[in-house]
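# Analysis of the macromolecular model
Now for the letters of each chain:
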Amino acid sequence: MATAYSVTLRTPASTATLIAAAVLIVALFAAPAYASRGMIQDLFFILTMLTLAQYWNLLAGYGGLVSVGQQAFVGIGAYALYGAVILGGADPILSILLGGVAALLLAIPTAFFAFRLQGAYFAIGTWVIAEIARLSVAQWRGVGGGTGTSLPRDALRELAFVDGIRALFDVRASAARDILSYWLALTLAVITIAGVYWLLRTKRGLALAAVRDNTEAAKSVGVDASRMKWVVFLTSAFGTGLAGGLIYLQKARISPDAAFSVTDWTAYVIFIVVIGGIGTIEGPILGVLVFFVLQSLLADYGSWYLMVLGLIGISVMLFAPRGLWGLISERTGLQLFPIRRRLVGGSNTKREV
Amino acid sequence: MIWIDTIIQGILLGGLYALFAAGLSLVFGIMRLVNLAHGDLIILGAYIILISVTVLGLNPFFAILIAAPLMFALGWALQKLVLNRTLGEDILPPLLVTFGLSVVIQNGLLEGFSADSQRISAGALETASISVGPISMGVLPLLTFGSAILVIVVLNHIFYRTAIGRAFRATSDDAVTASLMGIKPERVFATATGLAMVVAAIAALYLGVRANFDPSIGPARLIYAFEAVIIGGLGSLWGTLLGGVIIGVAQTVGAAINPEWQILAGHVAFLVVLLIRPRGLFPRGN
Amino acid sequence: MALLETKGLTAHYGDFQALFGVDIHLEQGETVAIIGANGAGKTTLMRSITGVLRNAPEQILHNETPIGHLPADTIMKRGIAMVPEGRKLFPSLSVEENLIIGGQHKGGRDLGDRIDSFLSRFTGAPDPMELAAGHDGAGYWTLETIYELFPILRERRHNPGTALSGGQQQMVAIGRALMSNPYVLLCDEISLGLAPVVIKDIYAALPKIKESGASVIVVEQDIGQALAVADRVYCMMEGRVTLEGRPSEISRDDIHAAYFGAVA
Ligand SMILES: Nc1ncnc2c1ncn2[C@@H]1O[C@H](COP(=O)(O)OP(=O)(O)OP(=O)(O)O)[C@@H](O)[C@H]1O
Ligand SMILES: [Mg+2]
């Protein structure tokens, strides 16, 4: 009887997901060949928000670290890129990596402080650090101080690959830059999802999921969990910094209030994750699509839009705390990115461990 | 001399921050709930007072008699209908729901009152000052500070000397056993949040009379309040007052050196205290 | 007419069923003991009666009124008080405050109850004051009489409740429950972890408690103690009542079988 069991992470759906994902990624990479410039810009927005949402979900949904200060890493990543390009004449694309590194460096002292704050106070602690970062950057005259600055035209003109893309799709330079940014965003999103999935399936990641699911287990793996908190926090900061650099490379204009905006880079991201389904990889993907649709429909209504978004977020949290994806997977048992180990075989095939 | 003046300004400013913080501290102490919308609720209170003053022509200090019961009812209903559902082991639901609430209130105010700066007018009081020797102090900041002390004395009295205060402490210790004593925990929590909103209304009065406000400034007030609570040590209202004073003094001293450093200096003071005393200055035992 | 009665009482913790149709009853003026091994479901039974766990209305009757669905605070206001397992004093409250809080919400006529009662006229919800009715909380027990019953508590009244010895803490827990002047007092393992002399002291209070008009259910691990104080005894095993009788009528062997299952 015992031999009839085996432990697996794979579900039939996950194999199908893998194939579908591969097809989707190829199709998305080829998008510039058939999609309009407006659509490429929309996709860029969706993909960067998705990336931010995945990292926030990793923090809050898996690590239990509810940060309201992710804008610190978006802003610092973006400003590192601007600083390197404007003051150091660095290559903009390589400077995206620098954005990630800068966010990582900021994350170390941030974690040091914020981890001293228990539970809910951690949230506001991260917010304070983000405010400090914003106020400090506003003092940095070299990149425009409080009013901000633009990327120099020269740097944009000499952007690598742009000439190649112009020739390939027969488009203007600005459209070619959008295509380049889009490809980078797509690459980042794919790496992010794959990386988060991988991280959660490592032994430590599984412990993390166990901690979230079961507070008793949390006590027995206490030591591991605290190291995992650091890993999760630093990883999220790095990825968020990369996204920040990329977002502002595409925008080509920056100001502290925009780059460190709690609404744009944390509130939206939280709503995406909550509406889609916190604590799953599928949730943010679904959430970002819903968010995009809502924004397309309602963005003209300004503050009404934000109120509606807030009310939807509250309702989801109260009445369907596992989000849209939670509702779907409850009804169908579908799991595209299975993380928990399942015991298969024997008579009791559906037991989760 | 200018420095003494600056520091006194800072101390008095700390009274305002303690008023922001007292409600936050009360609610956290009783139900371990951090209300991320606390700052926005204060701003909402300021608009309620503003309307009472402009529409009904009331003196702002009488308008508080309208705002306080309204805010109590709002807090009570909010807790009873929404926040009670989020309480539990998991810290995510209360955080995310109150964060959503913050966004809703902010944008609701924006829709209702536009982004224009407002101010509650208190007539001659705004500029009145008294001199003690060479130092002159504004009457309004003094009133603010006095109110903060009064609020803390009253809250401590309620907490430690009254039946509802006993129910607060018992429920916070152990809600299930409290219910065996005939206490309804949901009702106790609702009352606590209502009380916190009354304090928020008082804070709103002084916030609105002292300086301009608009719908977007709530989160910054939340942050000051939070810093005061953490510096003071969770659970001690006098500690919260001291925390507010530290933030206030840091801000006025920072501003005296360079006007752009005002807010930054407050945050930095918070980080320094957190670095030296991770549990705040007066942590409650256990 | 039974003062308190359970009929086919079931209870669950998530998927786990802890009680399987428990029938017990308590008559006016009686002392009933419930014995059983660890995990038999005694505490679960107490938690169900007091409303900490909710049940179907008809599974628990108080003066023939279904109360299984009522919340703990309403049940308490009907005059059913509990000394919980593990004493559960409030650490933030002094000894005296722990006692006071036991009585401060008796009667179910505080402002909140009045408001809820008023609202229930419009919402059609059951009126909480009506549900709690029948118990005005007036009676023998006051701070003074509790201090007479347990004089040591008067000396310690300003100490935090948790700064007392185990026996003293148990006295506070009993006093706290008595402060509401209950008709029914449920005591869950009041002798647990206490020295025999202390247990004797605590049980010495029982006659006085009965005299004040309360009927009592004691949950006891100590069979000797249970048989000594009770008018009737129930023995539970694995969520069921396996034996019921008067102490004089049941034998050691009966109890042994009811406690550990049939002996081979
Ligand atoms: N909170 C809970 N969650 C899940 N199961 C529980 C819980 N409390 C009790 N149980 C289970 O219910 C059953 C009955 O427990 P209960 O506490 O009622 O027993 P008891 O007779 O009071 O035991 P003891 O003499 O040890 O106090 C036990 O199997 C126990 O494991
Ligand atoms: Mg028990």
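Residues numbered from 1 in each chain as written. Chains lettered and ligands numbered in written order. Predicted model: local features only at pLDDT ≥ 70, side-chain atom pairs only at ≥ 80, totals over all residues. Heavy atoms only, no water.

## Points about the overall build of chain B
So the rule is basically this: What counts as a helix is a DSSP run of H or I of at least four residues, what counts as a strand is a run of E of at least two, and both are numbered from the N terminus. Only C-alpha atoms enter the radius of gyration; for comparison, a globular chain is expected to reach 2.2 Å times N to the power 0.38, where N is the number of residues.
Summing up its helical and strand segments, chain B has eleven helices and two strands in all. Listing the helices and strands of chain B from first to last along the sequence gives α-α-α-α-β-β-α-α-α-α-α-α-α. Radius of gyration (C-alpha) of chain B: 19 Å, near the 19 Å computed for a compact globule of 286 residues. Taking the principal axes of its C-alpha atoms as reference, chain B extends roughly 60 × 50 × 35 Å.

## Structural notes on a nonpolar patch on the surface
Note the following rule: A residue counts toward a patch only above 30% relative accessible area and without a salt bridge, and it is joined to like-charged neighbours within 9 Å or, for Val, Leu, Ile, Met, Phe, Trp and Tyr, to nonpolar neighbours within 5 Å. Only the protein chains shown count as cover for residues, with accessible areas throughout obtained via the Shrake-Rupley method and a probe of 1.4 Å. Here, a salt bridge means any Lys or Arg side-chain nitrogen found within 4 Å of an Asp or Glu carboxyl oxygen.
Together, V101, L105, I108, F112 and W230 of chain A together with V268, V272, L275 and I276 of chain B make up a nonpolar patch on the protein surface, roughly 780 Å² of accessible area in all. Those elements that provide at least two residues to the nonpolar patch are α5 (92-114) of chain A together with α11 (262-276) of chain B. For I276 of chain B, the location among the structural elements is in helix α11.

## Overview of the coordination of the magnesium ion (ligand 2)
Residue and element names in this part refer to chain C. For clarity, the threshold we go by: Distances up to 2.8 Å from the metal define which N, O and S atoms are donors, and 3.2 Å serves for Na, K and Ca; water is absent from the atom set, so sites may look incomplete. Partly exposed residues are those whose accessible area sits between 20% and 50% of the maximum for their type, while under 20% is buried and over 50% is exposed, using a 1.4 Å probe and protein chains only.
Bound to the magnesium ion (ligand 2) on the protein side are T43 (OG1) and E85 (OE), at distances that span 1.8 to 2.5 Å. Here T43, found in helix α1 (residues 42-49), pairs with E85, found in the loop between β6 (80-83) and α3 (95-104); they are 42 residues apart in sequence, far enough to count as distant. Overall, the relative accessible area of 30% leaves E85 in the partly exposed class.

## Considerations on the packing of helix α6 (residues 119-137) of chain A against α11 of chain B
The condition is simple: Angular values range over 0 to 180 degrees, each being the angle between N-to-C directions of two axes fitted as lines to C-alpha atoms, with helices fitted over their stretch in contact. When describing relative orientation, an angle under 35 degrees is termed roughly parallel and one over 145 degrees roughly antiparallel, while 65 to 115 degrees is termed roughly perpendicular and anything else oblique. Take the far helix as the reference: if the near one is turned anticlockwise from it by less than a right angle, the crossing is left-handed, and if turned clockwise, right-handed. Contacts are assigned to residue pairs with any non-hydrogen atoms lying within 4.5 Å of each other. Basically, the charged four are Asp, Glu, Lys and Arg, the nonpolar ten are Ala, Val, Leu, Ile, Met, Phe, Trp, Tyr, Cys and Pro, and anything else, Gly included, counts as polar.
Where α6 of chain A meets α11 of chain B, the axes come as close as 10 Å, and the angle between the chain directions of the two elements is 140°. By the angle between their axes, α6 of chain A is oblique relative to α11 of chain B. Once α6 of chain A is placed against α11 of chain B, the crossing between them reads as left-handed. Contacts between α6 of chain A and α11 of chain B involve V128, I129, E131, I132, L135 and S136 of chain A from the former and I263, L264, H267, F270 and L271 of chain B from the latter. Among the residues forming the contact of α6 of chain A with α11 of chain B, the class breakdown is eight nonpolar, two polar and one charged.

## Some thoughts on helix α1 (residues 12-29) of chain A
Residue and element names in this part refer to chain A. The test is simple: One less than the residue count of a helix, multiplied by 1.5 Å, gives the span that helix is expected to have. Read the arc as the range of directions from the helix axis to the C-beta atoms.
An ideal rise of 1.5 Å per residue puts 26 Å on 18 residues; α1 measures up with 26 Å between its terminal C-alpha atoms. Residues of α1 that are buried include every one of A13, S14 and T17, and no others. Along the axis of α1, the buried residues cluster in a sector spanning 80°; they form a single face. Of the residues in α1, the exposed ones pointing more than 90 degrees away from the buried face are P12, L18, I19, V23 and V26.

## Description of the pairing of strand β2 (residues 135-138) of chain B
Residues and elements named next belong to chain B. Spelled out, the test is: Any two strands with at least two DSSP bridges between them are considered paired.
The alternating pattern of β2 places I135 and M137 on a buried face and S136 and G138 on a face that is not buried. Strand direction decides the pairing type here: strand β1 (residues 129-132) and β2, joined by four bridges, are antiparallel. If you follow S131 over to β2, its bridge partner there is S136. In textbook terms, the turn of a hairpin is the stretch between consecutive antiparallel strands, and for β1 and β2 this stretch comprises two residues, one of which, G133, has a positive phi near 60°.

## Brief notes about the interface of chain C and chain B
Heads up, the rule is: Buried area, as used here, totals the accessible surface that two parts lose on assembly, with accessibility defined by a 1.4 Å probe and the loss added over both. The definition of a polar contact used here is a pair of N or O atoms within 3.5 Å, where within protein one atom must be able to donate a hydrogen and the other to accept one, and adjacent residues in sequence count solely through side-chain atom pairs.
Each side of the interface is counted separately: chain C has 26 residues, and chain B has 18 residues. Interface of chain C and chain B: buried area, both sides summed, is about 1,900 Å²; carbon and sulfur atoms make up 58% of it. Between chain C and chain B we count two salt bridges in total. Here R169 of chain B makes a salt bridge to E97 of chain C, at a shortest N to O gap of 2.7 Å. Counting the contacts that link chain C with chain B gives eight residue pairs in polar contact (both at pLDDT 80 or more). Elements supplying a minimum of two residues to the side of chain C that touches chain B: α2 (72-77), α3 and α4 (111-123) of chain C. For the side of chain C that touches chain B, the per-class residue count stands at eleven nonpolar, seven polar and eight charged.

## So, the confidence of the model for chain C
When pLDDT drops low, the exact placement of atoms in the prediction is not to be read closely. Defined as follows: The predictor attaches a confidence to each residue, and that confidence, scored 0 to 100, is pLDDT.
Looking at chain C as a whole, the pLDDT averages 88, with 92% of positions reaching at least 70. On the interface metric, ipTM, the complex scores 0.90, and its pTM is 0.89.

## Concerning the sheet that holds strand β10 (residues 240-245) of chain C
Within a sheet, neighbouring strands are paired by backbone hydrogen bonds and run either parallel or antiparallel to one another. All names here are of chain C. The strand order across the open sheet built from six strands is β6-β7-β8-β3-β9-β10, with neighbouring strands paired in mixed fashion. Edge positions in the sheet fall to β6 and β10, since each of these pairs with one other strand and no more. The sheet shows a mean angle of 20° between the axes of neighbouring strands, taken without regard to direction. Helix α12 (residues 252-260) contacts β3 (31-36), β9 (232-237) and β10 of the sheet and is inclined by roughly 35° relative to β9.

## Looking at the interface of chain A and chain B
If you look at the interface, chain A gives 40 residues, while chain B gives 40 residues. For the pair chain A and chain B, the summed buried area comes to about 3,700 Å², and 83% of that belongs to carbon and sulfur atoms. Sorting the residues of chain A by area buried against chain B places R116, Y121 and W127 of chain A first, and these three jointly supply 18% of that buried surface. For the pair chain A and chain B, the interface holds one salt bridge. Across the pair E260 of chain B and R141 of chain A runs a salt bridge, and its minimum N-O distance is 3.5 Å. Summed over the shared surface of chain A and chain B, the result is seven residue pairs in polar contact (both at pLDDT 80 or more). For the side of chain A that touches chain B, the elements supplying multiple residues, two or more each, are α3 (37-62), α5, α6, α14 (262-276) and α16 (303-319) of chain A. For the side of chain A that touches chain B, the element with the highest residue contribution is α6 of chain A, accounting for 13 residues. Split by residue class, the side of chain A that touches chain B holds 29 nonpolar, eight polar and three charged.

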